[in-house]
Amino acid sequence: MKTLKLILGENWLWRRQIANLALMDIKKTCRGAVLGWVWLFVKPITYIAVFWFALELGLRAGGNTEYPYIVWLSAGLIPWFFMQEMINTGSNVYKRYPFLVNRIAFPLSAISTFFTLSQFIIFLMLVVLLVVLCYVVGAPLTVYALQLIPVFVLMLVFWNLFSIMCSPLSAISKDFYNLLKALSTPLFWLSGIIFDVSNLSSGALHLVLAFNPVTFFAEAVRASVCENYWLWERPDVLLPFLAVLAVTFVLAVRCYGKLRKDVADVL
Amino acid sequence: MSSKQTGLVLPDTQALVMRDEDSANPVAIEFDHVTKSYKLFKNDRARFMSAFSKNVPYKEVRANDNLSFTIRRGEAVAFLGTNGAGKSTALKIITGVSHPTSGRVCVHGRVSALLELSAGFDGQLSGRENIAFRGQLWGLSAEEIAQLEPRIIDFAELGDYIDQPMRTYSSGMKARLGFAFASSIKPDILVVDEALSVGDRRFAKKCLARVHEIMSDSHVTVLFVTHSSSSAKEFCKRGIVLDRGRNIYDADIKDAIAYYEGIV
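Residues numbered from 1 in each chain as written. Chains lettered and ligands numbered in written order. Predicted model: local features only at pLDDT ≥ 70, side-chain atom pairs only at ≥ 80, totals over all residues.

## So, the overall build of chain B
Phase 1: Of regular secondary structure, chain B possesses 9 helices and 10 strands.
Phase 2: Looking at chain B residue by residue over its 264 residues, the buried ones come to 38%.
Phase 3: For chain B, the proportion of contacts with a sequence separation of at least 24, taken over those separated by at least 6, is 72%. (Helix = DSSP H or I, 4+ residues; strand = E, 2+ residues; numbered from the N terminus. Buried ≥ 20, exposed ≤ 12 C-beta atoms within 10 Å, placed from the backbone. Contact = placed C-beta atoms within 7 Å.)

What follows is the structure in structure tokens.
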């Protein structure tokens, strides 16, 4: 309870710095290249194009839906890019800003927050491209797109908690971080980013994937932009995720409370 | 769950850190029986396991051991001691980077630290951006940063390099910028750790002059950490000698230096 109050207090007190640091983080990512921020989009767009080429044109995936396959594919890949960045870098964010940990008195949870925020801003820019794509290919948004707002809030909260939970552990144990990094690519192939989870024939697999937050966010964005259903109509998707969120929340508060004072000593 | 929760809070009740910006308080810094211990685990795996279980064995090293002192506002105090005496640990606790294991720490006023000057900058950002970045963290508004910027750049003598990414700077350039920034932001408490050996002799002289200028303001409290007794004598009126984490001598600077030189 005390740790939760601390986390919320830190983030509120430093809110102005958090916003500025998030922008600074994007600047830092773009730094050093002539084209700068263009590169933020080149990688995701190439990925989408390549997967679209291989899957729809090559393997003839998709087909019998009323929306084009590329919309469905992008709606899964774009949240994935954000989540991938959170798994790879967000889970070990103190490494990215060591001087904020052991040179300046800066609240550690706020480092997670501003990093999550910076990645989220990049994600939102890609979402704008996704919306443009929807209209270009003739699959305009419907009222279900309103669902994106709560989904985005959940995304921000969940992955911020994820970063607050994992970063102290990663700082203390390189094994933990290596494990997360090793899981990142398998997660992409297993989580239903490029295939439809509901096509899986095994019920057990369904159950396992229901507890995978990566699957949930890909499905949630798809539900809002192309598959057109409300998440509360699918308790089999929503409830397992809420359980995962609750567990992450408890673990994040616990890890942070226990380890935050040790991080500066071990980094 | 609830019993574990109380176990979680316990270290906080043992160690108390109070920090405010009350620069009118006649006491600037107070250490009351402060102990900082580092846990040395057998290996990284043991350290990791200790996050989940209390039964992991470790060796305890006390960097600060039952350390007590009070520094009043406007005082200039030198910390003397050999390597490993616990000077830097005490300063880290004062700046808020490190947390005491037990004891009570009160810090009244804003602390700016000249600790390891060349560190604490982001190599990807330019010098100018780093000034803005640090200014943000210090809580300055955009106008205040704009006002300070020319003064900092001028003092650091970086010339055209100020708009280059900091990873291209030499260590001397980083240290100069670090000193220029930390000494320009008008702190209530200034912590100087071996910083005056920055750059060449001419620049070191300039730094000394700057520290003198800051210290002429009777409200600024200065903590000075050094091995060199001559610069301690120049700045400070009081000396605290540390040895293995303990405060073993606390007196007038001349006596403290005499004592320190006696034990080295």
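## Thoughts on the overall build of chain A
Phase 1: Assigned secondary structure in chain A consists of 12 helices and 0 strands.
Phase 2: In chain A, the succession of helices and strands from N to C terminus is α-α-α-α-α-α-α-α-α-α-α-α.
Phase 3: For chain A, whose C-alpha radius of gyration is 19 Å, the value lies close to the compact-globule estimate of 18 Å for 267 residues.
Phase 4: Projected onto the principal axes, the alpha-carbon positions of chain A cover approximately 55 × 45 × 35 Å. (Rg over C-alpha atoms; globule rule 2.2 N^0.38 Å.)

## Overview of the interface of chain B and chain A
As a measure of interface size, the accessible area lost when the parts come together is often cited.
Phase 1: Facing 23 residues of chain B, the contacting portion of chain A comprises 25 residues.
Phase 2: Listed by contribution, the elements that provide at least two residues to the side of chain B that touches chain A are helix H1 (2–14), helix H2 (44–50) and helix H4 (127–138) of chain B.

## A short note on the confidence of the model for chain B
Residues and elements named next belong to chain B.
Phase 1: The predicted model of chain B averages 79 in pLDDT, with 90% of residues at 70 or higher.
Phase 2: The least confident element of chain B, judged by mean pLDDT, is H1 at 40; the most confident is strand E5 (residues 102–108) at 87.
Phase 3: Among the prediction metrics, the complex's ipTM stands at 0.74, with pTM recorded as 0.84. (pLDDT = per-residue confidence, 0-100.)

## Considering the sheet that holds E5 of chain B
Residues and elements named next belong to chain B.
Phase 1: In space, the 4 strands of this open sheet follow the order E1-E5-E2-E3, with mixed pairing throughout. Bordering the open sheet on either side are strand E1 (15–20) and strand E3 (59–72), each of which pairs with just one other strand. The sheet shows a mean angle of 15° between the axes of neighbouring strands, direction not considered.
Phase 2: Bridge count between strand E2 (residues 27–40) and E3: 10 bridges; the pairing is antiparallel. Bridged to Lys36 within E3 is Asn64. (Pairing = 2+ DSSP bridges. Axes fitted to C-alpha atoms, helices over the stretch in contact; angles between N-to-C directions.)

## Re unusual backbone geometry
Across residues other than glycine, the phi torsion is negative in most instances, and most of the peptide bonds are trans.
Residue and element names in this part refer to chain B.
Phase 1: Positive phi values are uncommon outside glycine, yet Asn66 reaches one of about 55°.
Phase 2: Even without being a glycine, Glu157 presents a positive backbone phi close to 55°.
Phase 3: Along the chain, Glu157 falls in the loop between helix H5 (142–156) and helix H6 (171–182).
Phase 4: Of the residues examined, Glu157 has 16 C-beta atoms within 10 Å and is grouped as partly exposed.

## Some thoughts on the packing of helix H4 (residues 69–88) of chain A against helix H7 (residues 108–136) of chain A
Residue and element names in this part refer to chain A.
Phase 1: As a packed pair, H4 and H7 sit with axes 10 Å apart at the nearest point and diverge in direction by 170°. Taken as axis vectors, H4 and H7 run roughly antiparallel relative to one another. On H7, the residues touching Val71, Ser74, Ala75, Ile78, Phe81, Phe82, Glu85 and Met86 of H4 are Thr116, Gln119, Phe120, Phe123, Leu126, Val127, Leu130, Leu133 and Cys134.
Phase 2: Here the residues of the contact of H4 with H7 sort into 13 nonpolar, 3 polar and 1 charged. (Parallel < 35°, antiparallel > 145°, perpendicular 65-115°, else oblique. Nonpolar A, V, L, I, M, F, W, Y, C, P; charged D, E, K, R; others polar.)

## Section: the nonpolar core
Phase 1: Among the nonpolar cores identified, the biggest contains 66 residues, and Ala75, Met83, Ile111 and Phe217 of chain A are the most heavily contacted of them.
Phase 2: Filtering out sequence-adjacent residues up to four positions away, Met83 of chain A remains in contact with Trp159, Val214 and Phe217 of chain A.
Phase 3: Counting residues in each nonpolar core, the second largest holds 56 residues, with Ala76, Leu190, Leu223 and Ala232 of chain B among its members. (Core = buried A, V, L, I, M, F, W, Y, C linked by C-beta atoms within 7 Å.)

## A look at the pairing of strand E10 (residues 246–252) of chain B
Residues and elements named next belong to chain B.
Phase 1: The pairing of strand E9 (residues 238–243) with E10 spans 6 bridges and is antiparallel. Directly across from Gly239, in E10, lies its bridge partner Ala251.
Phase 2: In textbook terms, the turn of a hairpin is the stretch between consecutive antiparallel strands, and for E9 and E10 this stretch comprises 2 residues, one of which, Arg244, has a positive phi near 45°.

## Let's talk about the environment of Leu91 of chain B
Phase 1: Tracing the chain through its elements places Leu91 of chain B in helix H3 (residues 87–95).
Phase 2: By the C-beta count within 10 Å, which is 21 here, Leu91 of chain B ends up buried.

## Some remarks on the packing of helix H3 (residues 38–58) of chain A against H4 of chain A
Any two packed helices are characterised by the angle at which their axes cross and by the distance between the axes.
Residue and element names in this part refer to chain A.
Phase 1: H4 packs onto H3 with a crossing angle of 140° between their chain directions and a minimal axis gap of 10 Å. When the axes of H3 and H4 are compared, the pair comes out oblique. Read as a crossing pair, H3 and H4 show a hand that is right-handed. The segment H3 lies against H4, with Pro44, Tyr47, Ile48, Phe51, Trp52, Leu55 and Glu56 engaging Tyr69, Ile70, Leu73, Ser74, Leu77, Ile78 and Phe81.
Phase 2: For the contact of H3 with H4, the per-class residue count stands at 12 nonpolar, 1 polar and 1 charged. (Left-handed = near helix turned anticlockwise from the far one by under 90°.)

## Comments concerning H5 of chain B
Residue and element names in this part refer to chain B.
Phase 1: For H5, spanning 15 residues, the distance from its first C-alpha to its last is 20 Å, which sits close to the expected 21 Å at 1.5 Å a residue.
Phase 2: Of all the bends in H5, the greatest reaches close to 35° and is centred on Leu148; the proline Pro150 follows between one and four positions later.
Phase 3: Within H5 the residues assigned to the buried category are Ile152, Ile153 and Ala156.
Phase 4: On the buried face of H5, the contacting elements are H4 and H6.
Phase 5: After H5 finishes, the residue Glu157 shows a positive phi value of roughly 55°. (Expected span 1.5 Å × (residues − 1). Bend = angle between axes of the 7 residues up to and from the residue.)

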